[in-house]
Amino acid sequence: LQNKKILIIGAAISGFSAAKISKKFGANVTLSDAKNESDLKFNFDELRNLKINLNFGKQNENILKNIDLIIVSPAVPLQIPILQAALNKKIPVISEIEFAYNLTKSPICAVTGTNGKTTTVTLLGLLLKSQFDNVGVGGNIGVALSEVALEVGNNGIIAAEISSYQMEATNNFKPHISAILNVTPDHLKRHGNMEIYQAMKEKIFAQETSEDFLVLNYDDEKVRNMKSRANCKVFYFSRKKILDEGAFVDENKLIIKFDGKTYEICKIDEIGIKGGHNVENALAASMTAFLAGVTVENICKVLKNFKGVEHRIEFVREIDGVKYYNDSKATNTDSAIKALETFDKNINLIAGGDDKLTDLTEFLNLVNQRVDNLILIGDAAKRFKTDAIKNGFNAEKIFDAGYSMKNAIEIAKKISKSPQIVLLSPACASFDMYDNFEERGKDFKQIVMEMI
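What comes next is a walk through the structure. (Residues numbered from 1 in each chain as written. Predicted model: local features only at pLDDT ≥ 70, side-chain atom pairs only at ≥ 80, totals over all residues. Heavy atoms only, no water.)

### Details of the overall build of the chain
Regarding its fold elements, the chain presents 17 helices and 20 strands. Computed over its C-alpha atoms, the radius of gyration of the chain comes to 23 Å, within 12% of the 22 Å expected for a compact globule of 452 residues. Along the three orthogonal principal directions, the C-alpha set of the chain runs to about 65 × 60 × 40 Å. Counting the 452 residues in the chain, one finds 56% classified as buried. Across the chain, contacts joining residues at least 24 apart in sequence account for 66% of those joining residues at least 6 apart. Across the chain, 57 positive and 57 negative side-chain charges occur, with their mean positions spaced 2 Å apart. (Helix = DSSP H or I, 4+ residues; strand = E, 2+ residues; numbered from the N terminus. Rg over C-alpha atoms; globule rule 2.2 N^0.38 Å. Buried < 20%, exposed > 50% of the residue type's maximum accessible area, 1.4 Å probe, protein only. Contact = heavy atoms within 4.5 Å. Lys, Arg positive; Asp, Glu negative; His and termini not counted. Charge placed at Lys NZ, Arg CZ, Asp CG, Glu CD.)

### Some words on the pairing of strand E7 (residues 135-139)
Counting buried positions along E7 yields four of five residues, so the element is predominantly enclosed. As defined by bridge partners, E7 adjoins strand E8 (residues 157-161) across five bridges and the pair is classed as parallel. Each bridged residue has a counterpart across the sheet, and for Val137 the counterpart in E8 is Ala159. (Pairing = 2+ DSSP bridges.)

### Overview of the pairing of E8
Among the five residues in E8, five count as buried, and that is most of the element. Burial along E8 is two-sided: Ile157, Ala159 and Glu161 and Ile158 and Ala160, pointing in opposite directions, are all buried. Examined bridge by bridge, strand E6 (residues 108-112) and E8 share four bridges and lie parallel to one another. What sits directly across from Ala110, in E8, is Ala160. Between the parallel pair E7 and E8, the chain is carried across by helix H6 (residues 145-152), and the sense of this crossover is right-handed. (Right-handed = clockwise from strand over helix to strand, strands pointing away.)

### Some words on the pattern of salt bridges
When charged atoms on two side chains of opposite charge get close, those side chains can pair. What the rule picks out here adds up to 16 salt bridges. Across the pair Lys445 and Glu314 runs a salt bridge, and its minimum N-O distance is 2.9 Å. One end of the pair, Lys445, is in helix H17 (residues 437-450); the other, Glu314, is in strand E15 (residues 314-319), and 131 residues separate them in sequence. Judged on exposure class, the residue Lys445 and its partner Glu314 are both buried. We note a salt bridge from Asp355 to Arg383, for which the minimum N-O separation is 2.7 Å. (Salt bridge = Lys/Arg side-chain N within 4 Å of Asp/Glu carboxyl O.)

### Regarding the packing of aromatic side chains
Between two aromatic rings, the relevant description is the distance of the centres plus the angle of the planes. If you walk through the whole model with that rule in mind, you get 13 aromatic pairs. Taking the centre distance of 4.9 Å and the plane angle of 70° together, the rings of Phe44 and Phe56 count as edge-to-face. In this pair, Phe44 sits in the loop between strand E2 (28-33) and helix H2 (45-49) while Phe56 sits in strand E3 (residues 53-56), placing the two residues 12 residues apart along the sequence. Ring geometry for Phe235 against Phe258: centres 5.6 Å apart, planes inclined by 35°, an arrangement best described as tilted. Of the two residues, Phe235 sits in strand E11 (residues 233-238) while Phe258 sits in strand E13 (residues 253-258), which places them 23 residues apart along the sequence. (Phe/Tyr/Trp six-rings, centres within 6.5 Å; stacked < 30°, edge-to-face > 60°.)

### Some thoughts on the sheet that holds E2
Two pairing modes exist for strands in a sheet, parallel and antiparallel, and in both the strands are linked by backbone hydrogen bonds. Pairing within the open sheet is parallel, and its five strands lie in the order E3-E2-E1-E4-E5. Where the open sheet ends on each side, the last strands, each with one partner, are E3 and strand E5 (93-95). Strand-to-strand twist across the sheet, computed as the mean angle between neighbouring axes with direction ignored, equals 25°. The pairing of E2 with E3 spans four bridges and is parallel. (Axes fitted to C-alpha atoms, helices over the stretch in contact; angles between N-to-C directions.)

### Describing a nonpolar patch on the surface
Residues Leu1, Phe25 and Leu150 make up a contiguous nonpolar surface patch of roughly 210 Å² in combined accessible area. With respect to the secondary-structure elements, Leu150 resides in helix H6. Taking the relative accessible area as the measure of exposure, Leu150 reaches 30% and is therefore partly exposed. (Patch = residues over 30% accessible without salt bridge, like charges linked within 9 Å, V, L, I, M, F, W, Y side chains within 5 Å. Areas by Shrake-Rupley, 256 points an atom, 1.4 Å probe, with all protein chains shown as cover.)

### Concerning the state of the cysteines
For the coordinates displayed, the defined rule picks out zero disulfides. Here Cys109 stays free of any disulfide, with the sulfur of Cys232 as its closest cysteine sulfur at 13 Å. Residue Cys109 is classed as buried on the basis of its relative accessible area of 1%. In this structure Cys300 is a free cysteine whose sulfur lies 4.8 Å from that of Cys266, the closest cysteine sulfur available. (Disulfide = S-S within 2.5 Å.)

### Topic: the sheet that holds E7
Judged by pairing direction, the sheet is mixed, and its nine strands sit side by side in the order E7-E8-E6-E9-E10-E11-E12-E13-E14 without closing on themselves. Among the strands making up the open sheet, the edge pair consists of E7 and strand E14 (261-267). Averaged over all pairs of adjacent strands, the angle between strand axes in this sheet comes to 20°, irrespective of strand direction. Sheet topology places strand E12 (residues 246-250) next to E13; five bridges connect them, and they run antiparallel.

### What about the environment of Lys253?
Position of Lys253 relative to the elements: it lies in strand E13. With a relative accessible area of 24%, Lys253 lands in the partly exposed category. C-alpha separation for the pair Lys253 and Ala380, spaced 127 residues apart in sequence, amounts to 41 Å.

### Notes on the packing of helix H5 (residues 117-129) against helix H12 (residues 296-305)
Close contact between H5 and H12 brings their axes to 9 Å; oriented N to C, the two are set at 135°. Taken together, the axes of H5 and H12 are oblique relative to one another. When the axes of H5 and H12 are compared, the crossing they make is right-handed. From H5, Leu123, Leu126 and Leu127 reach across to H12, where they touch Asn298, Ile299, Val302 and Leu303. Class assignment of the residues belonging to the contact of H5 with H12 gives a composition of six nonpolar, one polar and no charged. (Parallel < 35°, antiparallel > 145°, perpendicular 65-115°, else oblique. Left-handed = near helix turned anticlockwise from the far one by under 90°. Nonpolar A, V, L, I, M, F, W, Y, C, P; charged D, E, K, R; others polar.)

### Some remarks on the nonpolar core
Proteins that are soluble and globular tend to have nonpolar side chains buried together. By size, the foremost hydrophobic cluster in this structure holds 44 residues, and its most contacted members are Leu123, Leu128, Leu254, Ile265 and Leu303. For this core, the element with the most residues is helix H11 (residues 276-292), which contributes 10 residues. The contacts of Leu128, once residues within four sequence positions are left out, are Cys109, Val135, Ile157, Ala159, Ala292 and Val294. (Core = buried A, V, L, I, M, F, W, Y, C linked by side-chain atoms within 4.5 Å.)

The following block contains the structure:
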């Protein structure tokens, strides 16, 4: 990086970190974002003080002059004109994840999948910390992986949440242990089709060798079949099948079989996080941690104490016998399905948002079985209502709250009575109303907590 001209595209968390780190190592750095500075919710004073060049608004090809390397933030697709122009000029374009990997001196345990990544990586980080003194957690979990790589340095280990967006501009990224939880339709606006989306997920293990490990979900056929394309050691986890080797459930116990030995971890009902999907997350995290060297005793202890992550089926408050749950992390139908499966029935569901235009059939079939009232918000409200009625849901039990979370919660409070619960599980992205799902979840929680 010394004396190189580095261009960072995308002024968000990963872009900030990549810019500061590049400058630290002696590069001439420009950070560019297609939005105007006034439209970005960041304070750029720190970067200005570091003498980092800032470029906002329309991105012309002149910013590519004499550039040695482009580091792209995950939210920025490779298809945008400035990056296509760079590729045509043979300027290397890498993701912040690849940049982080080039800085990393400790092994990476990387987790991807459509759903469950944040819970699994948070749990994995705790499992690793139970065994090792120097552990970093980063990636698509709110902390740039490049920042974590530098903090951990030598003689540590890193748990990384990796999205399909982050894998788009990688070539050499190679975790020591990778895990793929599931693959269901998501981000099709960005990737175009399921084949490309799955290919992005599979890049996580593409560079792994016989010295590395891959943990796959046996119960997901698409994921199970990835073994044939792996050049590393493969272990499965399964909630439904007793495996010859790997992590699985047998007689309500979490079991790991490895190298001819059987290890009983704990009973499933002792795990702190509830729901079938969380059993899968626990299996994946446990198998990954075990391969990294965490003892069975430590795995058991952490699983019993871990209570989950913010915005994922998070209990907020009980009002007049009605419990309110924040599942803002459910940004697609498959994730919302897992939330609905956690509760038997009596659900008043708040759903909708920035519509990903995925098929709603399976989601609405479960809505019919378990949801009493459907409260819709955002851009997706019209399509969700139309499809719900077509699917046989009572039109009189569908409420449109417009673009207001407060309206949605007020409607929910008015119509909800014990033993009903109120569940925010949008099955959509948040960008029509919020910057991200965290902001949406925090708004939901604040409104609920302020209700009389």
